[in-house]
Amino acid sequence: MATQHIDASTLLSDQQFEADIVIIGSGAGGGIAAEQLTEAGFSVLLLEEGAYYTRADFVMEERWAYPQLYQEGAARKTRDKAIGILQGRTVGGSTTVNWTTSIRTPPATLDYWQREFGLNFSGDNDLTPYFAKAEQRLHIQPWSVAPNANNAKLQQGCEALGWQYSVINRNVNGCANLGYCGMGCPINAKQSMLVSTIPAAMALGATLISRLSVRKLNWQGNSISSLDAVPVDHYFQPRSDIRIQIKAKHYIVAAGAIGSPALLLRSKVPNPSGRLGKHTYLHPTVISGALFAEDINGHSGAPQSIYSDQFVWPENQDKAGYKLEVPPLHPVLMATKLTGTGEQHAALMAQFNQLQVCIALQRDGFHPQSQGGSVSLDEQGQPVLDYPITDYMWQGMREALLSMAQLQFAAGARQVLPIHHDAKLYNSWPEAKTAILQLPMQTLRQTVVSAHVMGGCNMSINPAKGVVDQNGRHHQLHNLSVFDGSILPTSLGANPQLTIFALVWRNCQQLLTQLKPFSANVS
Amino acid sequence: MQRRQFILSGIALAATASLGAGLSIWGWQQSQTADDSNRSVVLSALLPALLYGALPEDATLAVAELERTKTAIDDFLPFLPLRQQRELHQLFNLLANRITQLGLTGHLSSLSALTMQQRFALLDRWRDSYLGVLQQAYHGLRELLYGAYYGQPEHWQPISYIAPRFR
């Protein structure tokens, strides 16, 4: 079979392409859609701004992985630089670099969507069969291997305190427990879009165009007529010397919760709800380090295998909920997040292997004081995210720092270091508690990070309260769908990939029932 | 405010607060383009302070590590959004420019002439500045420089990190 991959950066002249369906973005949303729609007999073009790297390229080194596989070299930040954002930019999107945690959408989140946005995911719209399909397709199962020490400390702390915890379901098959999921799986064990749905779609005739940045959807009335794109250069910056135009019958935007709103903003699509690029959620995350007497070696073993939902749905609705997990620990990730300079920083780094780290992901979007951020465009038309942090959220982060310190001491930590620029190593839980209650909760003093970007093109039954409908169809443009995390109307309170897989799988089935007639005509 | 002027105006504000008004005519507008020698001067001054305690005591080895880190920074910068690259170029250019020294460092001498203690004090002053823009400079440089240093396998021995050799 002829090759189904085109690297746009190798094109030497302007080009035009045509297909039944063009999908912009190859992550959790675009990857699922590519397989579903190709299987149904449509001609599909799958476009990706990142490069088509595969397992032979994944050398398990941060210095290669971050610039090559992540948005903005893994140094993406909110406008005020207060929140660092890890987001994939490669074939497979964030599924190529995520830590494999696969959690069904929490029922309480779906209930909230029904109340606030009229979205009913029960009865005929139940997502359960789609969770099951995605779990089967991507080999999502509880991790049956013992957790690495970094995760085991989370479990032990929960056990000591009587807190809830769960073993994580992971999308892996033949995992060697290496711990380098964040740099691309070198053995194709992670069942990312890169190794599952995308090759399947390509085998059925879909064409992948990598290193291509879509700049604009051209539309008139209620219909998109074409899109304009350019190749990216060696550093993934959009070029201006060659223009690519693509025509399709249906357009699926799946460029992620920053990229998708940015493309629609550049295209100036109708936006009567005013919600395009608004209500962007991040699961804003705070970090707590702990030094143990024994080696933790947080770089080794499945990065995430235990989580705790003890605090994610507090009874007091005026308190911010947060989910407890751990991150993998690698030298660059640690060095850039650990606080201090000079000898202080070097001394912490010297204890790299004894360091255990917890993270608390705040469930944002469920409170009047948690309405998310907004995406706008810079002079190059590239997205910038503003994300204000309110007092309500700061309070939740302070409580999260307290919970993590308590847990780490309960698990046997010798010292705990909240990752805050005014904090230091504390020797006991009472000492840490007193100190954390005094920390100034302010931007650029309290370190905040995110690995989950959601919202910005939210779904709603009511066109006045959303950009797309419950099936991901744009409320105003009839041949446009948005199939990625940007359609989520709040954050999830859980890692998002499985929610996106299931929602998009379902949305594809809905779309197929509506597209079938023209399929019969064209083929 | 134009996005690309944000560092500019913030630092101009810092400078005028220290020196009195009127500095804005000193060629600020030209300072957004990359100048390799300015970047090199600034990195050579700041890296030894930031990495104090991490660099080997042997001077030859330390110089090799610093050079390797500077190369890694140069290699990484083009992956940042152009907006952010401009901000960094501007910061490097301002820091290398003697006329801005007093506003930014509190000393009217070149960065490289500062003692190590003065360089630590400079970093702390940015971190604790009431100006968001100086805090951003502190955090931006800190992450960039530490990321570049600890990304190099040659620098992992002191942290006892052994990268897997998978193939």
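Everything numeric in this text was worked out from a predicted model, so none of it was measured.

Asker: Describe the overall build of chain B, listing the residues and the values that go with them.
Answerer: Looking only at helices and strands, chain B has seven helices and zero strands in total. Helices and strands appear in chain B in the N-to-C order α-α-α-α-α-α-α. Buried residues in chain B amount to 41% of all 167 residues. Once local pairs closer than 6 in sequence are excluded, the contacts in chain B between residues at least 24 apart make up 67%.

Asker: Help me get a handle on the overall build of chain A, residues and values and all.
Answerer: Across its full length, chain A carries 13 helices and 23 strands. Here chain A has a C-alpha radius of gyration of 22 Å; the compact-globule value for 523 residues is 24 Å, and the two agree. Viewed in the frame of its principal axes, chain A has a C-alpha envelope of about 70 × 45 × 45 Å.

Asker: Give me unusual backbone geometry: which residues, what numbers.
Answerer: Residues and elements named next belong to chain A. Positive phi, normally seen in glycine, also occurs at Arg211, with a value near 50°. Take Arg211: it is sitting in the loop between strand S9 (207–210) and strand S10 (212–220). With phi around 65°, Phe236 is a residue other than glycine that occupies positive phi space. With respect to the helices and strands, Phe236 occurs in the loop between strand S11 (223–231) and strand S12 (244–253).

Asker: How would you sum up the pairing of strand S17 (residues 355–362) of chain A? Please name residues and give values.
Answerer: Residue and element names in this part refer to chain A. Within S17, eight of the eight residues are buried, leaving the element largely enclosed by the surrounding structure. The alternating pattern of S17 places Leu355, Val357, Ile359 and Leu361 on one face and Gln356, Cys358, Ala360 and Gln362 on the opposite face, and all of these are buried. Two elements, strand S14 (residues 285–291) and S17, share seven bridges in a ladder whose sense is antiparallel. Residue pairing across strands places Ala290 opposite Gln356, the latter belonging to S17. Judged from the four bridges that link them, strand S16 (residues 322–325) and S17 form a sheet pairing that is antiparallel.

Asker: For the interface of chain A and chain B, give the residues involved together with the corresponding values.
Answerer: Each partner contributes to the interface: chain A provides 34 residues, whereas chain B provides 38 residues. Elements supplying a minimum of two residues to the side of chain A that touches chain B: helix H2 (62–69), helix H9 (331–337) and helix H10 (342–350) of chain A. Sort the elements by how many residues they give to the side of chain A that touches chain B and H10(A) lands first, with six residues.

Asker: Quick rundown of the packing of helix H2 (residues 36–50) of chain B against helix H4 (residues 82–96) of chain B? Include the residues and the values.
Answerer: Residues and elements named next belong to chain B. Taken N-terminus to C-terminus, the directions of H2 and H4 make an angle of 70°; their axes are 8 Å apart at the nearest point. With respect to each other, H2 and H4 are oriented roughly perpendicular. Judged by residue contacts, Asn38, Arg39, Val41 and Val42 of H2 engage Phe92, Asn93, Leu95 and Ala96 from H4. When the residues that make up the contact of H2 with H4 are grouped by side-chain class, the tally is five nonpolar, two polar and one charged.

Asker: Describe the domain arrangement of chain A, naming the residues involved and giving the relevant values.
Answerer: All names here are of chain A. Taken as a whole, chain A is organised into domain 1 (2–52 + 90–98 + 103–137 + 192–279 + 456–519) and domain 2 (149–177 + 284–450). Its C-alpha centre places domain 1 at a distance of 31 Å from the equivalent point of domain 2. Across the boundary between the two partners, domain 1 contributes 18 residues, which contact 18 residues of domain 2. At the level of elements, helix H4 (107–117) and helix H8 (256–266) are the ones that each hand at least two residues to the side of domain 1 that touches domain 2. At six residues, H8 tops the list of elements feeding residues into the side of domain 1 that touches domain 2.

Asker: Hey, could you go over the packing of H2(B) against helix H3 (residues 59–76) of chain B for me, with residue numbers and the actual values?
Answerer: All names here are of chain B. Remark: H2 packs on H3, axes separated minimally by 11 Å, with the N-to-C direction vectors making an angle of 125°. It follows that H2 is oblique to H3 by the angle criterion. Judged by the twist between their axes, the crossing of H2 over H3 is right-handed. In this structure, H2 contributes Ser40, Leu43, Leu47 and Pro48 to the contact, and H3 contributes Leu66, Thr69, Lys70 and Ile73.

Asker: Residues and numbers for the environment of A:Ile436, please.
Answerer: Residue and element names in this part refer to chain A. For Ile436, the position within the fold is in helix H12 (residues 429–438). Judged by local crowding, Ile436 falls into the buried class, with 24 C-beta atoms found within 10 Å. Considered as a pair, Ile436 and Gln344 are 92 residues apart in the sequence and their alpha carbons are 20 Å apart. Excluding residues within four positions of it along the chain, Ile436 makes contact with Arg398, Leu401, Leu402, Ala405 and Pro418.

Asker: Lay out the pairing of strand S18 (residues 374–377) of chain A in plain terms, naming residues and giving numbers.
Answerer: Residue and element names in this part refer to chain A. Here four bridges tie S18 to strand S19 (residues 383–386), and the two strands are oriented antiparallel to one another. The residue of S19 that forms the bridge with Ser376 is Val384. What sits between the antiparallel neighbours S18 and S19 is a turn of five residues, in which Gly381 has the positive phi angle 80°.

Asker: Tell me about H8(A), residues and numbers included.
Answerer: Because an α-helix completes one turn every 3.6 residues, residues spaced three or four positions apart along the sequence face the same direction. All names here are of chain A. The buried fraction of H8 is high, at nine of eleven residues. Those residues of H8 that sit buried are Gly256, Ala257, Ile258, Gly259, Ser260, Pro261, Ala262, Leu263 and Leu264. Following H8 by one or two positions, Lys268 has its phi on the positive side, about 50°.

Asker: Explain the confidence of the model for chain B to me, and be specific about the residues and the numbers.
Answerer: Residue and element names in this part refer to chain B. Averaged over every residue, the pLDDT of chain B is 80; residues scoring 70 or more account for 74%. By mean pLDDT, the top-scoring element of chain B is H3 (97), and the lowest-scoring one is helix H1 (residues 6–19) (44). Confidence drops under pLDDT 50 across residues 1–30; counting only partners more than four residues distant or on other chains, this segment forms 41 contacts. For this predicted complex, the interface score ipTM comes out at 0.96, while the overall pTM is 0.94.

Rules used in this analysis
- Residues numbered from 1 in each chain as written.
- Chains lettered and ligands numbered in written order.
- Predicted model: local features only at pLDDT ≥ 70, side-chain atom pairs only at ≥ 80, totals over all residues.
- Helix = DSSP H or I, 4+ residues; strand = E, 2+ residues; numbered from the N terminus.
- Buried ≥ 20, exposed ≤ 12 C-beta atoms within 10 Å, placed from the backbone.
- Contact = placed C-beta atoms within 7 Å.
- Rg over C-alpha atoms; globule rule 2.2 N^0.38 Å.
- Pairing = 2+ DSSP bridges.
- Axes fitted to C-alpha atoms, helices over the stretch in contact; angles between N-to-C directions.
- Parallel < 35°, antiparallel > 145°, perpendicular 65-115°, else oblique.
- Nonpolar A, V, L, I, M, F, W, Y, C, P; charged D, E, K, R; others polar.
- Domains from an automatic or database assignment.
- Left-handed = near helix turned anticlockwise from the far one by under 90°.
- pLDDT = per-residue confidence, 0-100.

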